[in-house]
Amino acid sequence: MQKTKLINKVIAGTILSFTLDQGGQVVQAEAQSPTYLLRAKCVDSGLGNARQKTLDVSIGKAVYTSRFYLGSGNRSASITCKIRQVDSQPLFQTLQLGFGMRDNSTTSPPVVVNVYVDGQQTESRTIAPTQQEVLSMDVSKATNVTLEAVCSSQSIYCDRVYFFNAALQPIILSPSLNK
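Residues numbered from 1 in each chain as written. Predicted model: local features only at pLDDT ≥ 70, side-chain atom pairs only at ≥ 80, totals over all residues. Heavy atoms only, no water.

Draft legend 1. Representation of the overall build of the protein in the model. Helices and strands together make up the secondary structure of the protein, namely two helices and 11 strands. Across the protein, helices and strands are ordered from the amino to the carboxyl terminus as α-β-β-β-β-β-β-β-β-β-β-β-α. Out of the 179 residues belonging to the protein, those deemed buried represent 37%. Put simply, 77% of the contacts in the protein that link residues at least 6 apart link residues at least 24 apart. For the protein, the accessible surface area stands at approximately 10700 Å², while carbon and sulfur atoms represent 54% of it. (Helix = DSSP H or I, 4+ residues; strand = E, 2+ residues; numbered from the N terminus. Buried < 20%, exposed > 50% of the residue type's maximum accessible area, 1.4 Å probe, protein only. Contact = heavy atoms within 4.5 Å. Areas by Shrake-Rupley, 256 points an atom, 1.4 Å probe, with all protein chains shown as cover.)

In structure tokens:
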């Protein structure tokens, strides 16, 4: 009888510790899900317009759900986001961007999309109607990120650049650091 109780306690303890460990992993995975860039403190910092608006758009004969757009007009539009306080620990490892110009913008000149990390240009892509780009960049040491759309013409208005992905991926802590 005593032996049976002892075995039951050991089995119950093992199951409980396994459950707690699994639960900890679930919480860790949830805490490390991507963060939408515009959840940070962001300001419109260009001459054109930047709008947060969810809209389904066709880019390259595929449907994307845009979360926001930059409309450069015949100049430029940009948005700057503070993704970390100056003296705080880094929260994010990478910024993943997906953007493009609509299929029905056939008369628009191309747009140059520049990405700046703490004021330094890190990426530049020129896109035209029906084209899309996907970028991933390291922001582990970044405080601010700027997205800029520059029209390639000063006399003809450029159509909007639609962003269907703007995800900040968190820094992943190894399991040994979490325990």
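Once you've had a look at it, read on.
Draft legend 2. Structural context of unusual backbone geometry. Of note in the backbone geometry, Lys-61 takes a positive phi value of approximately 65° without being a glycine. Counting through the fold element by element, Lys-61 comes out in the loop between β3 (49-59) and β4 (62-71). The exposure class assigned to Lys-61 is exposed, which follows from its relative accessible area of 75%. Within the chain, Thr-130 stands out as a residue other than glycine whose phi angle is a positive 75°. Position of Thr-130 among the secondary structure elements: in the loop between β8 (120-127) and β9 (132-138).

Draft legend 3. Just the sheet that holds strand β5 (residues 76-82), in detail. With antiparallel pairing, five strands are arranged side by side in an open sheet as β2-β5-β10-β7-β8. In the strand order of this sheet, the two ends are held by β2 (41-44) and β8, each with one partner. Averaged over neighbouring strand pairs, the angle between their axes works out to 15° when direction is ignored. Two strands pair when backbone bridges link them, and strand β7 (residues 111-117) and strand β10 (residues 144-151) are joined in this way by seven bridges, in the antiparallel orientation. Within the sheet, the bridge partner assigned to Val-112 lies in β10 and is Val-150. (Pairing = 2+ DSSP bridges. Axes fitted to C-alpha atoms, helices over the stretch in contact; angles between N-to-C directions.)

Draft legend 4. Structural context of the environment of Val-150. Looking at the secondary structure, you find Val-150 in strand β10. We classify Val-150 as partly exposed; its relative accessible area is 26%. Considered as a pair, Val-150 and Gly-46 are 104 residues apart in the sequence and their alpha carbons are 9.6 Å apart.

Draft legend 5. Region of the structure containing the environment of Gly-119. Secondary-structure assignment places Gly-119 in the loop between β7 and β8. C-alpha of Gly-119 to C-alpha of Asn-144: the two residues are 25 residues apart in sequence and 7.7 Å apart in space.

Draft legend 6. Broad picture of the pairing of β7. Across the seven residues of β7, six count as buried, placing the element largely inside the fold. In terms of strand pairing, β7 meets β8 through seven bridges, oriented antiparallel. Note that in β8 the partner of Val-113 across the bridge is Arg-125.

Draft legend 7. The arrangement of the pattern of salt bridges in detail. Per the counting criterion, the structure on display carries three salt bridges. Here Asp-159 and Arg-102 are joined by a salt bridge, their closest N and O atoms 3.5 Å apart. Here Asp-159 is found in the loop between β10 and β11 (161-170), whereas its partner Arg-102 is found in the loop between β6 (92-100) and β7, with 57 residues between them in sequence. Note on Asp-159: relative accessible area 17%, which makes it buried. (Salt bridge = Lys/Arg side-chain N within 4 Å of Asp/Glu carboxyl O.)

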